[in-house]
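This is what each chain is made of:
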Amino acid sequence: MMQDPPVVLDEIVVTAPRLPAAEGEAAFSVIRLDGEALDRSMRLDEALGRVPAVGLFRRTSSLTANPTTQGLSLRAIAPSGAGRALVALDGVPLNDPFGGWVIWAQVPPEGLSSVDVVRAGGTGPYGAGALTGSVLLRERDTGGAWTTAVGERGSARLAASGTGDLGPLRWVATAGHERTDGHIPVRAPDAGAADRPLDLEASSASLRLDLPVGDALVSGRVSAFEERRGSGVEGSDAEASGTALSLTATRQPDADRAGWRVQLWRRTSDLQNRFVATAPDRSSTSPANDQFHTPATAWGLNAAWRMRRDGLETELGVDARQAEGETNERYRFMGGEFTRSRQAGGETSVAGIYAEASATRGPWLVTGGLRLDHWSASDGRRVERDLQTDALVLDEQPADQSGEVVSARLGVRRALSSEWSVRAAAYSAFRPATLNELHRPFRVGNDITEANAGLVPEQLTGIEAGLARETDRLDLRATVFATRIEDAIVNVTIGEGPGTFPRAGFVPAGGVLRERQNAGTIEAVGLELEAEARLREGLTLRAALAATDARVDGGSQAPQLTGLRPAQAPIWSATAGLDWTPAPDWTVSVDARWESRRFDDDLNSRVLDPALTASARLERKLSPGLTAWVEGMNLFDADVETAETGTGVVSYGPPRTLWIGLSRRW
């Protein structure tokens, strides 16, 4: 279930390789997904989808989404393929070092104990990337879980996580594998012989070792993932893989001493994407671009010192990240072969220092933080050659860029009674452009999007206020907010096919040419309402509503966008759910999600209709900890539009899918 955290978010767990959640977090909009919510989700992004206005760039889950569209954004202010939220597992960013998206298959829910969704711009320990908020994952420290399930269209899933002791060492191991034959996203009468299913095969594994050293804990973690998926048309597919290493030393704070954390991490990733041009009648495809190797490496360091004393908590910290990567491609398919090559990439870095403090005095909680970051984008290059003669076609070395960003946040919370509380917050945040946005052009169908090495960080400022009531039977929460993103990074339409354009080359009929630009500002105002009623023992109802009215002001850079909505940003979204235990060993869970129409492009010319989906799950406890279940996803077989081409061909999300499985928790 979902619940707002109290003033103290976590108990201190000595065996955890992390500091407890800061007391000041209670002044901001935080939604927690506990173990129960995670237990009933096969993919982490689908669990997060229970929170209104939280989702991937497109109306899809990671079951069918291309890796480059798995970026997470919060509050529908301006969804992005790169994501405008920071996702971190025990302090280590999971955002891809090249593109910023998150490969959700790398984190099976079985391996997590809880998730906090911070729906506000981040400063303090979150740092760069937490533009619209943060998703903070906590790996399990005790117990274990496994799930095995099979579903329609050749779908199967197996995942397990466990903990144990080897002398003084504690280990935490998690692994998962999933496959599906998938569904064909384009339907009759538009579908043609070239349309194919969105099949998937994904695997992941991780191992963490914890060793007490004096009054501290030293933890080492290693993980790897790989996924292969079809892209819905003949000849188009994608592969993503990566590894992560981290070393963390932590000492928990208490009333007599300070706590601290020092962490080093390194991530690698690689992406392969094959794109095709589709015939007007979708009877055939021809190769258009082969991004056969996109290696990227990132490393990071963060450290924090925290003291709690007499109702005052202070934290000082540093954070640094560096990433380098490049795309290697073959393109311009002529005479049965690719005739040109492209190599483009560079380096990005960001480093910051921060200070946070919170004070609790009676019913009052006041918190604030200040952060200073230095960012840079350097060593950029784009080299294109003729594959037959090796002659240079394009040789660009964009100028290095760098700068400083100051961000801050301030929050206050007051308990009005044992049940009622109010809070208010103001904050700023920033997100530098990813290597993908700076250097990698890409193609989807007949649409081409050009990179832009001149992008500068986008910056957000926001304010919000909230009211909450919490009782044994009923929780009510309401939040209003207003935000503004300066220098918003937007894919801006600059041409239509058929035609040949500088750098981009030929754009087919029905396709458009876009370029990533710092296109003015995006302003948004919104409202969030949430309720949870525990009507009686074994019966809980949940409902939530989010409204976000976001508008673009393109200024002189992109005046054609002024007054329009950002792409993929619905105004309304709502969720509802029921958990019912009609008998001691039986549980019924029902969840529904609805959202209003959204636009598939920056010009608001491609409209995706409103969508309502529902899922239901029936569980039967076979023995303590062992449960058999059956689940129907998209239970009423709703038509969920996920994309639309320039010629009006619509893609749809998965149809109704039935699963049956066994789960065990201990």
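Keep in mind that what you see is a predicted model, and the values were worked out from it rather than measured.

Caption draft 1: Highlighting the overall build of the chain. Helix and strand counts for the chain come out as three helices and 42 strands. Among the 666 residues that make up the chain, the fraction classed as buried is 57%. Residue pairs in contact within the chain that sit at least 24 positions apart in sequence constitute 65% of those at least 6 positions apart. Side-chain charges in the chain split into 71 positive and 89 negative, and the spacing between the mean points of these groups amounts to 3 Å.

Caption draft 2: The environment of Glu23, seen in detail. Position of Glu23 among the secondary structure elements: in the loop between strand E1 (2-3) and strand E2 (30-33). Between the alpha carbons of Glu23 and Thr367 there is a distance of 8.6 Å; along the sequence they are 344 residues apart.

Caption draft 3: Examining the pairing of strand E23 (residues 420-431) more closely. Here strand E22 (residues 401-415) runs beside E23; their pairing, made up of seven bridges, is antiparallel. Looking at the pairing, Leu410 lines up with Ala426 of E23. With twelve bridges connecting them, E23 and strand E26 (residues 458-470) associate as antiparallel partners. Across the sheet, residue Ala429 finds its bridge partner in E26, namely Leu460.

Caption draft 4: Examining the nonpolar core more closely. Judged by nonpolar contacts, the single largest core of 25 residues is most densely connected at Leu44, Leu48, Leu72, Val115 and Leu137. Among the elements of the structure, E2, helix H1 (35-39), helix H2 (44-48), strand E3 (54-56), strand E4 (72-74), strand E5 (86-89), strand E7 (112-118) and strand E8 (134-139) are those that each provide at least two residues to this core. Ignoring sequence-local partners within four residues, the contact set of Leu137 consists of Leu44, Val87, Ala88, Leu89, Asp90, Leu94, Val107, Leu112, Ser114 and Val115. Phe28, Leu460, Ile485 and Val490 belong to the second-largest nonpolar core, a separate cluster that totals 22 residues.

Caption draft 5: Layout of empty space enclosed by the protein. Evaluated as defined, the whole model comprises 15 cavities of 30 Å³ or more. Along the wall of the second largest cavity there are 37 residues; nearest its centre are Pro125, Tyr126, Leu136, Arg261 and Arg306. Listed by contribution, the elements that provide at least two residues to the lining of the second largest cavity are E5, E7, E8, strand E17 (296-309), strand E18 (312-334) and strand E19 (337-361). Tallied by class, the residues present in the lining of the second largest cavity amount to 18 nonpolar, six polar and 13 charged.

Caption draft 6: Examining the side chain of Thr479 more closely. Mapped onto the elements, Thr479 comes out in strand E27 (residues 474-486). A distance of 3.1 Å separates the side chain of Thr479 from the side chain of Arg423, its partner in a polar contact. Setting aside its immediate chain neighbours within four residues, Thr479 contacts Ser29, Arg75, Arg423, Glu464, Ala465, Gly466, Gly526, Leu527 and Glu528.

Caption draft 7: Quick look at the packing of aromatic side chains. What the rule picks out here adds up to one aromatic pair. Seen in terms of ring centroids, Phe333 and Phe338 are 5.3 Å apart; in terms of plane orientation they differ by 75°. Their pairing is edge-to-face. Note on Phe333: relative accessible area 30%, which makes it partly exposed. One cation-aromatic arrangement involves Arg187 over Tyr652; the distance from NZ or CZ to the ring centre is 4.3 Å.

Caption draft 8: Quick look at the sheet that holds strand E25 (residues 447-450). Pairing is mixed across the open sheet formed by four strands, whose spatial order is E24-E25-E31-E28. Each edge of the open sheet carries a strand with a single partner, namely strand E24 (442-444) and strand E28 (489-496). Averaged over all neighbouring strand pairs, the angle between strand axes comes to 25°, with direction disregarded. Pairing between E25 and strand E31 (residues 512-518): three bridges, direction parallel. Counted as the bridge partner of Thr449 is Arg514 from E31.

Caption draft 9: Just the environment of Glu595, in detail. Looking at where Glu595 falls in the secondary structure, it is placed in strand E35 (residues 586-595). Between the alpha carbons of Glu595 and Ile571 there is a distance of 7.8 Å; along the sequence they are 24 residues apart. Setting aside chain neighbours within four positions, we find Glu595 in contact with Arg59, Pro570, Trp572, Ser573, Pro610 and Ala611. In this structure the side chain of Glu595 is engaged in a polar contact, spanning 2.5 Å, whose partner is the side chain of Arg59.

Caption draft 10: Summary view of the environment of Asp39. Secondary-structure assignment places Asp39 in helix H1. Residues Asp39 and Gly259, 220 residues apart in the sequence, show an inter-C-alpha distance of 31 Å. Excluding residues that lie within four positions of it along the chain, Asp39 makes contacts with Arg617 and Arg665. Within the structure, Asp39 has its side chain in polar contact with the side chain of Arg665 (distance 2.8 Å).

Caption draft 11: Main features of the pattern of salt bridges. This structure, assessed with the given rule, holds 70 salt bridges. Close ionic contact of Arg32 with Asp116 constitutes a salt bridge, the shortest N to O distance being 2.7 Å. One end of the pair, Arg32, is in strand E2; the other, Asp116, is in strand E7, with 84 residues separating them in the sequence. Of the two residues examined, Arg32 and Asp116, each falls in the buried class. With a shortest N-O distance of 2.8 Å, Asp447 and Arg606 are connected by a salt bridge. Taken together, the positions of Asp447 in strand E25 and Arg606 in the loop between strand E36 (598-599) and strand E37 (607-608) put the pair 159 residues apart, joining distant regions of the chain. Like Arg606, Asp447 is buried. Here the residues in one salt-bridge network are Glu36, Arg40, Arg542, Asp579, Asp591, Arg617, Glu619 and Glu631, joined through shared partners.

Caption draft 12: Structural view of unusual backbone geometry. Note that the residue after Ala188, namely Pro189, is joined by a cis bond; omega there is 5°. With an omega of 5°, the peptide bond between Gly497 and Pro498 qualifies as cis. Of note, Pro498 is situated in the loop between E28 and strand E29 (499-501). Of note, the phi angle at Asp310 is positive, near 55°, even though the residue is not glycine. Secondary-structure assignment places Asp310 in the loop between E17 and E18. For Asp310, a relative accessible area of 68% gives the class exposed. In the Ramachandran plot, Asn604 falls in the positive-phi region, its phi being about 60° despite a non-glycine side chain.

Caption draft 13: The side chain of Asp373, seen in detail. Tracing the backbone shows Asp373 in strand E20 (residues 364-386). There is a polar contact of 3.4 Å between the side chain of Asp373 and the backbone nitrogen of Gly352.

Caption draft 14: Main features of the confidence of the model for the chain. Residue-level pLDDT values for the chain average 92, and 97% of them are 70 or greater. Scored below 50 in pLDDT, residues 1-14 makes 43 contacts in the model with residues more than four places away or belonging to other chains.

Caption draft 15: The pairing of strand E15 (residues 259-278), seen in detail. Most of E15 is tucked away, with 14 of its 20 residues classed as buried. As judged from the 15 bridges shared by strand E14 (residues 237-251) and E15, these two strands associate in the antiparallel manner. The partner of Leu245 across the bridge, within E15, is Arg266. Of the pairings in the sheet, the one linking E15 to E17 comprises eleven bridges and is antiparallel in character. Bridge assignment links Arg261 to a residue of E17, and that residue is Ala304. Of the pairings in the sheet, the one linking E15 to strand E16 (residues 285-293) comprises six bridges and is antiparallel in character. Each residue of the ladder has a partner; that of Thr278, found in E16, is Thr285. Connecting the antiparallel pair E15 and E16 is a turn made up of six residues, with Arg282 showing a positive phi of about 60°.

Conventions we followed
Residues numbered from 1 in each chain as written. Predicted model: local features only at pLDDT ≥ 70, side-chain atom pairs only at ≥ 80, totals over all residues. Heavy atoms only, no water. Helix = DSSP H or I, 4+ residues; strand = E, 2+ residues; numbered from the N terminus. Buried < 20%, exposed > 50% of the residue type's maximum accessible area, 1.4 Å probe, protein only. Contact = heavy atoms within 4.5 Å. Lys, Arg positive; Asp, Glu negative; His and termini not counted. Charge placed at Lys NZ, Arg CZ, Asp CG, Glu CD. Pairing = 2+ DSSP bridges. Core = buried A, V, L, I, M, F, W, Y, C linked by side-chain atoms within 4.5 Å. 1 Å grid on protein atoms, 1.4 Å probe; cavity = no way out; pocket = protein on both sides within 12 Å on 5 of 7 lines; lining within 4 Å. Points joined across faces, edges and corners; volume = space filled by probe spheres on them. Nonpolar A, V, L, I, M, F, W, Y, C, P; charged D, E, K, R; others polar. Polar contact = N/O pair within 3.5 Å; in protein donor to acceptor, adjacent residues only side chain to side chain. Phe/Tyr/Trp six-rings, centres within 6.5 Å; stacked < 30°, edge-to-face > 60°. Lys NZ or Arg CZ within 6 Å of the ring centre and 35° of its normal. Axes fitted to C-alpha atoms, helices over the stretch in contact; angles between N-to-C directions. Salt bridge = Lys/Arg side-chain N within 4 Å of Asp/Glu carboxyl O. pLDDT = per-residue confidence, 0-100.

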